[in-house]
Amino acid sequence: MRENFDKSLQLLLKHEGGFVNHERDPGGMTNLGVTKSVYEEWLGYEVDKQDMMKLTPEDVAPIYLNNYWIKANCDELPSGLDYVVFDWAVNSGVSRSSKGVQKCCGAEPDGVIGPKTLQLVLGQDTNFMIEKFKEVRQSFYEGLNHFDAFGKGWTRRNNEATEVALGMVKK
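Residues numbered from 1 in each chain as written. Predicted model: local features only at pLDDT ≥ 70, side-chain atom pairs only at ≥ 80, totals over all residues. Heavy atoms only, no water.

**Structural notes on the packing of helix 6 (residues 94-105) against helix 8 (residues 126-142)**
Argument step 1. Direction vectors running N to C along helix 6 and helix 8 enclose 125°, while the axes themselves pass 9 Å from each other. With respect to helix 8, the element helix 6 is oriented oblique. With respect to the hand of their crossing, helix 6 and helix 8 are arranged in right-handed fashion. Facing helix 6, whose interface residues are Arg 96, Ser 97, Gly 100, Val 101, Lys 103, Cys 104 and Cys 105, helix 8 presents Phe 128, Met 129, Lys 132, Phe 133, Val 136 and Phe 140.
Argument step 2. Its residues placed into classes, the contact of helix 6 with helix 8 shows eight nonpolar, two polar and three charged. (Axes fitted to C-alpha atoms, helices over the stretch in contact; angles between N-to-C directions. Helix = DSSP H or I, 4+ residues; strand = E, 2+ residues; numbered from the N terminus. Parallel < 35°, antiparallel > 145°, perpendicular 65-115°, else oblique. Left-handed = near helix turned anticlockwise from the far one by under 90°. Contact = heavy atoms within 4.5 Å. Nonpolar A, V, L, I, M, F, W, Y, C, P; charged D, E, K, R; others polar.)

**Focus on the pattern of salt bridges**
Argument step 1. Applying the stated rule across the entire model yields six salt bridges.
Argument step 2. A salt bridge links Asp 87 to Arg 137; its shortest N-O distance comes to 2.5 Å. Placement of Asp 87 in helix 5 (residues 81-92) and of Arg 137 in helix 8 is noted, with a sequence separation of 50 residues between them.
Argument step 3. Under the relative-accessibility criterion, Asp 87 is labelled buried at 0%.
Argument step 4. For Glu 160, the salt bridge is made with Arg 156, and the minimal N-O distance between the two is 3.8 Å. With Glu 160 and Arg 156 both in helix 9 (residues 147-168) and four residues apart, the pair spans about one turn of that helix.
Argument step 5. Linked through salt bridges whose partners overlap, the residues forming this network are Glu 16, Asp 87, Arg 137 and Arg 157. (Salt bridge = Lys/Arg side-chain N within 4 Å of Asp/Glu carboxyl O. Buried < 20%, exposed > 50% of the residue type's maximum accessible area, 1.4 Å probe, protein only.)

**Quick word on the nonpolar core**
Argument step 1. Formed by 49 residues in total, the largest nonpolar core has its most connected members in Tyr 64, Tyr 68, Val 85 and Phe 86.
Argument step 2. For this core, the secondary-structure elements that each account for two or more residues are helix 1 (5-16), helix 2 (36-43), helix 4 (57-69), helix 5, helix 6, helix 7 (115-122), helix 8 and helix 9.
Argument step 3. If one sorts the elements of this core by residue count, helix 5 sits on top with eight residues. (Core = buried A, V, L, I, M, F, W, Y, C linked by side-chain atoms within 4.5 Å.)

**Some words on the packing of aromatic side chains**
Argument step 1. Inspection of every chain in the model, using the stated rule, returns 12 aromatic pairs.
Argument step 2. Measuring from centroid to centroid gives 5.8 Å for Tyr 64 and Tyr 68, while their planes differ by 45°, and the two rings are tilted. You can see Tyr 64 and its partner Tyr 68 sitting in helix 4, four residues apart, about one turn around the helix.
Argument step 3. Assessed through its relative accessible area of 1%, Tyr 64 is described here as buried.
Argument step 4. In this structure an aromatic cluster arises from ring pairing among Trp 88, Phe 133, Phe 140, Tyr 141, Phe 147, Phe 150 and Trp 154. (Phe/Tyr/Trp six-rings, centres within 6.5 Å; stacked < 30°, edge-to-face > 60°.)

**Details of the side chain of Thr 35**
Argument step 1. As for its position among the elements, Thr 35 is in strand 2 (residues 34-35).
Argument step 2. On the basis of relative accessibility, which here comes to 16%, the residue Thr 35 falls in the buried class.
Argument step 3. Each residue touching Thr 35, except ones within four places of it in the same chain, is listed here: Gly 27, Met 29, Thr 30 and Met 52.

As structure tokens, then:
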């Protein structure tokens, strides 16, 4: 639901935090959850560390809207599910998040939330979908090589996002 984008972005940015350049993070230099390579692709030219450190929420909002929210078809998802799908799309990629939704609703996991997936999603209880999505997401995290370094944070984020999403479900 498009009306959830601004709230979802604010929630997401709390998890993404500020500037980091962790040696074990394959994303490398990142600010507000946007990697240097994503920002450069968005702008069409190279940036340096100073440019990355100066990023603002206003700078990254259109990137999140176009590269994640719209690509994951969050406008068409029920309230609450849209947020967790968006959050995981940012954290692990649109295709992985979309496949997670598809696993939860019984769709063919092709990594694109299209009309067939949406029809199956809309036929499910949204609370069930959010809880099942949490399980799929957590299982993915626990299978990653860097779970020892980042697993506690990923698990906290998954739990917090799920709790917020359940509160967003329209009764």
